[in-house]
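Spelled out, the chains give:
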Amino acid sequence: MVFTSNAAIPGASKNNDTTVSYTSKVDEKMVKDAMQAFSSLSKAEKKARFGEVKSLVKNYRQQQNEDGTEVSTNTLLYAILAILLPPLAVGLHEGGINNRFWISVLLSLLFWLPGIIYALIVVLT
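Residues numbered from 1 in each chain as written. Predicted model: local features only at pLDDT ≥ 70, side-chain atom pairs only at ≥ 80, totals over all residues. Heavy atoms only, no water.

**With respect to the environment of His93**
Then comes step 1: Looking at where His93 falls in the secondary structure, it is placed in helix α4 (residues 86-94).
Then comes step 2: As for His93 and Val123, which are separated by 30 residues in sequence, their C-alpha atoms are 6.4 Å apart.
Then comes step 3: Other than its neighbours up to four places away in sequence, His93 contacts Tyr78, Val122, Val123 and Thr125.
Then comes step 4: Polar contacts involving the side chain of His93 include one to the side chain of Glu94, which spans 3.4 Å. (Helix = DSSP H or I, 4+ residues; strand = E, 2+ residues; numbered from the N terminus. Contact = heavy atoms within 4.5 Å. Polar contact = N/O pair within 3.5 Å; in protein donor to acceptor, adjacent residues only side chain to side chain.)

Shown next as structure tokens:
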């Protein structure tokens, strides 16, 4: 939602791109207090804090990669295999022969396209 005027909205500030950002006085006070506390730290303490922040950011990025936000190589290979040999892709993805594998075999034997679609659904979800 874009506002062209911020006269009727208290606590809103207008940016250059005509969008309005909302900031509360509590957030501003908390940021000011944090900046004052950080500026009062010694050089060694600041360096330690930066090290902590870097490690937290690194852990966050690793967790994002593990959560599947990026397409992994295994997923890409399973998708290619799902197009070529759907039951094999489902079996490898599921880690063995189970109900999903047999459904994929059945769909692939009846018609190839439903087997491919089902295998892609299993592999990509």
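So that's the structure; there's more coming.
**Regarding the packing of aromatic side chains**
Then comes step 1: The final tally for this structure, using the stated rule, is two aromatic pairs.
Then comes step 2: Summarising the aromatic geometry, the rings of Phe101 and Trp102 are spaced 5.1 Å apart at their centres and angled 75° between planes, so their arrangement reads as edge-to-face.
Then comes step 3: The class for Phe101 is buried, based on a relative accessible area of 15%.
Then comes step 4: Taking the relative accessible area as the measure of exposure, Trp102 reaches 52% and is therefore exposed. (Phe/Tyr/Trp six-rings, centres within 6.5 Å; stacked < 30°, edge-to-face > 60°. Buried < 20%, exposed > 50% of the residue type's maximum accessible area, 1.4 Å probe, protein only.)

**Here we look at the confidence of the model for the protein**
Then comes step 1: For the protein, mean pLDDT is 78; residues scoring 70 or higher make up 74% of the total.
Then comes step 2: In the model of the protein, strand β1 (residues 12-14) stands out as the element of lowest mean pLDDT, 48, in contrast to helix α5 (residues 99-110), which has the highest, 94.
Then comes step 3: Across residues 1-20 the pLDDT falls below 50, and counting only partners more than four positions away or on other chains, this stretch makes 22 contacts in the model. (pLDDT = per-residue confidence, 0-100.)

**Topic: the nonpolar core**
Then comes step 1: Leu81, Ala82, Ala89, Val90, Tyr118, Ala119, Val122 and Val123 together form the largest nonpolar core, which totals eight residues.
Then comes step 2: Those elements giving two or more residues to this core turn out to be α3 (73-84), α4 and α6 (112-124).
Then comes step 3: In contact with Ala89, not counting residues within four places along its chain, are Tyr78, Leu81, Ala82 and Val123. (Core = buried A, V, L, I, M, F, W, Y, C linked by side-chain atoms within 4.5 Å.)

**Focus on α6**
Quick reminder: α-helices carry 3.6 residues per turn. Residues three or four places apart thus point the same way.
Then comes step 1: End to end, α6 covers 18 Å across 13 residues, agreeing with the expected 18 Å (1.5 Å per residue, within 8%).
Then comes step 2: Listed in full, the buried residues belonging to α6 are Gly115, Ile116, Tyr118, Ala119, Val122 and Val123.
Then comes step 3: For α6, the elements touching its buried residues are α3, α4 and α5. (Expected span 1.5 Å × (residues − 1).)

**Here's the deal with the side chain of Ser104**
Then comes step 1: Looking at where Ser104 falls in the secondary structure, it is placed in helix α5.
Then comes step 2: Ignoring anything within four residues of it in the chain, the contact list for Ser104 reads Pro86, Pro87, Val90, Gly115 and Tyr118.

**Quick notes on α5**
Then comes step 1: With twelve residues, α5 ought to run about 16 Å at 1.5 Å a step, and its terminal C-alpha atoms sit 17 Å apart, in line with that.
Then comes step 2: Taken residue by residue, α5 has Phe101, Ser104, Val105 and Ser108 as its buried positions. The buried residues of α5 occupy an angular sector of 100° when the element is viewed end-on, so they sit on one face. Looking at α5, the residues exposed on the side facing more than 90 degrees away from the buried face are Asn99, Trp102, Leu106 and Leu110.
Then comes step 3: Buried positions along α5 lie against α4 and α6.
Then comes step 4: Of the residues flanking the start of α5, the one acting as N-cap is Asn98, its side-chain oxygen 3.3 Å from the backbone nitrogen of Arg100. (Arc of directions from axis to C-beta.)

**Some words on the pattern of salt bridges**
Then comes step 1: The full count for this structure, using the stated rule, is two salt bridges.
Then comes step 2: For Lys29, the salt bridge is made with Asp33, and the minimal N-O distance between the two is 3.2 Å. Taken together, the positions of Lys29 and Asp33, both in helix α1 (residues 25-39) and four residues apart, correspond to about one turn of that helix.
Then comes step 3: The partner of Arg100 in a salt bridge is Glu94, with the nearest N and O atoms 3.1 Å apart.
Then comes step 4: Of the residues examined, Glu94 reaches a relative accessible area of 27% and is grouped as partly exposed. (Salt bridge = Lys/Arg side-chain N within 4 Å of Asp/Glu carboxyl O.)

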